[in-house]
Amino acid sequence: MTSMKAPRTTAPAGRPQPGLRERKKTRTREAIRAATYALVEAQGYDATTIEQIAERAEVSPSTVFRYFPTKEDIVLTDENDRVLLEELRARPADEPWTESVRQVLRRAVGLGVGTDPGPARLRTRLMVEVPAVRARMTESMSVTGRMLCAAIGERTGRDPHGLEVRVWAMSLIGALMETSLYWAEHGHREDLADLVDRALTVLEHGVPAKNT
């Protein structure tokens, strides 16, 4: 889910608003991300250093590392995974599981691409071009997959550590990774929400027979 989303700026209904300290942290994270995006767009990923990012964001290099352990994390990390999993748990109990996933992912795409697709396009392009970014994304998405297993277990009554749950969850994670790469490899021309829908249809029904 990580590669498709932009930082959330407001708390969802029913959740407490963040305090002053948390808002300051959020602003610092966003300043570091914005500085990184601007520098990478201007001079490329490899040429962008933590020192340059810190200077542009008006923080110290140690502050950058305190918020983001690696440069790859600046590009990839967001705070939406847990929120989206909460939304998945909040879907109607009688709604088919795959439909719940489809609706929540469509919302995730809307958050990440709807108003400003630039960061999502940059992230996915870097996933294609920079092996270190792609490797870090794979690691990050595996963490999301484990959280997804817990949500599936709660919803279906199955053991979240069971084979079936793990296979389905990690198949979804792999599908989202490949969808992100496909979107970037094809110049971001297609609608990302439509591509995610196609990926979910493949998970539900398998690869369709080739037209003859």
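Here the structure is a predicted model, which is why all the values come from computation and not from measurement. (Residues numbered from 1 in each chain as written. Predicted model: local features only at pLDDT ≥ 70, side-chain atom pairs only at ≥ 80, totals over all residues. Heavy atoms only, no water.)

A. Looking closely at the environment of Thr36. Tracing the backbone shows Thr36 in helix H1 (residues 20-43). With 39 residues separating them along the chain, Thr36 and Val75 place their C-alpha atoms 7.4 Å apart. Sequence-distant contacts of Thr36, that is, excluding residues within four places in its chain, are made with Ile53, Ile74 and Val75. (Helix = DSSP H or I, 4+ residues; strand = E, 2+ residues; numbered from the N terminus. Contact = heavy atoms within 4.5 Å.)

B. Representation of the packing of aromatic side chains in the model. Per the counting criterion, the structure on display carries one aromatic pair. Ring centres 6.3 Å apart and planes at 65° place the aromatic pair Trp97 and Trp168 in the edge-to-face group. Of the two residues, Trp97 is situated in helix H6 (residues 97-113) and Trp168 in helix H9 (residues 163-185); the sequence distance between them amounts to 71 residues. Geometry around Tyr45 places Lys71 over its ring, the cationic atom sitting 4.2 Å from the centre. (Phe/Tyr/Trp six-rings, centres within 6.5 Å; stacked < 30°, edge-to-face > 60°. Lys NZ or Arg CZ within 6 Å of the ring centre and 35° of its normal.)

C. How the structure looks around the side chain of Glu72. Mapped onto the elements, Glu72 comes out in helix H4 (residues 71-76). Put simply, Glu72 is tucked away with no salt bridge, and the nearest opposite charge, on Arg136, sits 5.9 Å away. Polar side-chain contacts of Glu72 include one of 2.8 Å to the side chain of Tyr45. If near-sequence neighbours (up to four positions away) are discounted, Glu72 is found in contact with Tyr45, Ala132, Val133 and Arg136. (Buried < 20%, exposed > 50% of the residue type's maximum accessible area, 1.4 Å probe, protein only. Lys, Arg positive; Asp, Glu negative; His and termini not counted. Salt bridge = Lys/Arg side-chain N within 4 Å of Asp/Glu carboxyl O. Polar contact = N/O pair within 3.5 Å; in protein donor to acceptor, adjacent residues only side chain to side chain.)

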